[in-house]
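Chains, contacts and geometry: an overview
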Amino acid sequence: MISELYSDILIKSCVEQPHVLQLILATNACMLAGLFHLLGDDFLADFIRKFFLIFRENFPKVVDKSQSQNVESEGERPEIYKTRNVVLLLCFLYDFDALNEDFMQDLIFYIANNLSDDTIAYLGTVIQNSVYKIRQNN
């Protein structure tokens, strides 16, 4: 019950907003990771499922829109910031040891297989926020 309420609040405040400070995303990811370490896998599994559903729902739209000739700003395409916020949350969860390196490796390969202007920005987000830990683990 509490996890459903918190997940709805987290998605509305951190994922669906266009410009969310990284500190807010990091704070929420830190709280999720702490609760994951206290409560176990079942608690975090629902959050990861919801995050990945949002990611998969918006990612094809990003790839399709970027291949067209019209150049739109980020504010006109909400799927850009939703996907970026989800990638950033997943990076922070990886940094806090809530996700393993196999998950992040699969995420990077998935993004890299669909390269476009927008997906390069997502790879940049992963590199900017998690490259030190990725290098440390490999």
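The notes below deal with the structure included here. (Residues numbered from 1 in each chain as written. Predicted model: local features only at pLDDT ≥ 70, side-chain atom pairs only at ≥ 80, totals over all residues. Heavy atoms only, no water.)

1. A word on helix H6 (residues 117-137)
Its 21 residues place the ends of H6 28 Å apart at the C-alpha level, agreeing with the 30 Å of an ideal helix rising 1.5 Å per residue. The largest bend in H6 comes to about 70°, at Ser130. Here H6 has its buried residues at Asp118, Thr119, Tyr122, Leu123, Thr125, Val126, Asn129, Ser130, Lys133 and Ile134. (Helix = DSSP H or I, 4+ residues; strand = E, 2+ residues; numbered from the N terminus. Expected span 1.5 Å × (residues − 1). Bend = angle between axes of the 7 residues up to and from the residue. Buried < 20%, exposed > 50% of the residue type's maximum accessible area, 1.4 Å probe, protein only.)

2. What about the side chain of Lys133?
Among the secondary structure elements, Lys133 is positioned in helix H6. Those residues in contact with Lys133 that lie beyond four places of it in its chain are Tyr94, Asp95 and Asp97. (Contact = heavy atoms within 4.5 Å.)

3. Focus on the environment of Ala29
Within the secondary structure, Ala29 is located in helix H2 (residues 22-39). Accessibility expressed as a relative area gives 0% for Ala29, which makes it buried. On a C-alpha basis, the gap between Ala29 and Phe96 in space is 7.9 Å, while along the polypeptide they are 67 residues apart. When residues no more than four places from it in sequence are discounted, the contact partners of Ala29 are Leu89, Phe92, Leu93 and Phe96.

4. What to know about the environment of Met104
With respect to the helices, strands and loops of the structure, Met104 is situated in helix H5 (residues 101-112). With ten residues separating them along the chain, Met104 and Tyr94 place their C-alpha atoms 7.4 Å apart. Filtering out sequence-adjacent residues up to four positions away, Met104 remains in contact with Leu90, Cys91, Tyr94, Val126 and Ser130.

5. What about the nonpolar core?
In terms of nonpolar packing, the biggest core is built from 39 residues, with Leu32, Leu44, Phe47, Phe51, Leu93 and Ile111 touching the most fellow members. Looking at this core, the elements that each hand over two or more residues are helix H1 (2-15), H2, helix H3 (41-66), helix H4 (78-95), H5 and H6. The biggest single contributor to this core is H4, with ten residues. (Core = buried A, V, L, I, M, F, W, Y, C linked by side-chain atoms within 4.5 Å.)

6. Digging into the packing of H4 against H6
Orientation of H4 relative to H6, taken along the N-to-C sense of each, is 0°, at an axis distance of 10 Å. Viewed along their axes, H4 and H6 adopt a mutual orientation that is roughly parallel. Mapping the contact onto sequence places Glu79, Ile80, Thr83, Arg84, Val87, Leu88, Cys91, Phe92, Tyr94 and Asp95 in H4 and Asp118, Tyr122, Thr125, Val126, Asn129, Ser130, Lys133, Ile134 and Asn137 in H6. When its residues are assigned to classes, the contact of H4 with H6 shows nine nonpolar, five polar and five charged. (Axes fitted to C-alpha atoms, helices over the stretch in contact; angles between N-to-C directions. Parallel < 35°, antiparallel > 145°, perpendicular 65-115°, else oblique. Nonpolar A, V, L, I, M, F, W, Y, C, P; charged D, E, K, R; others polar.)

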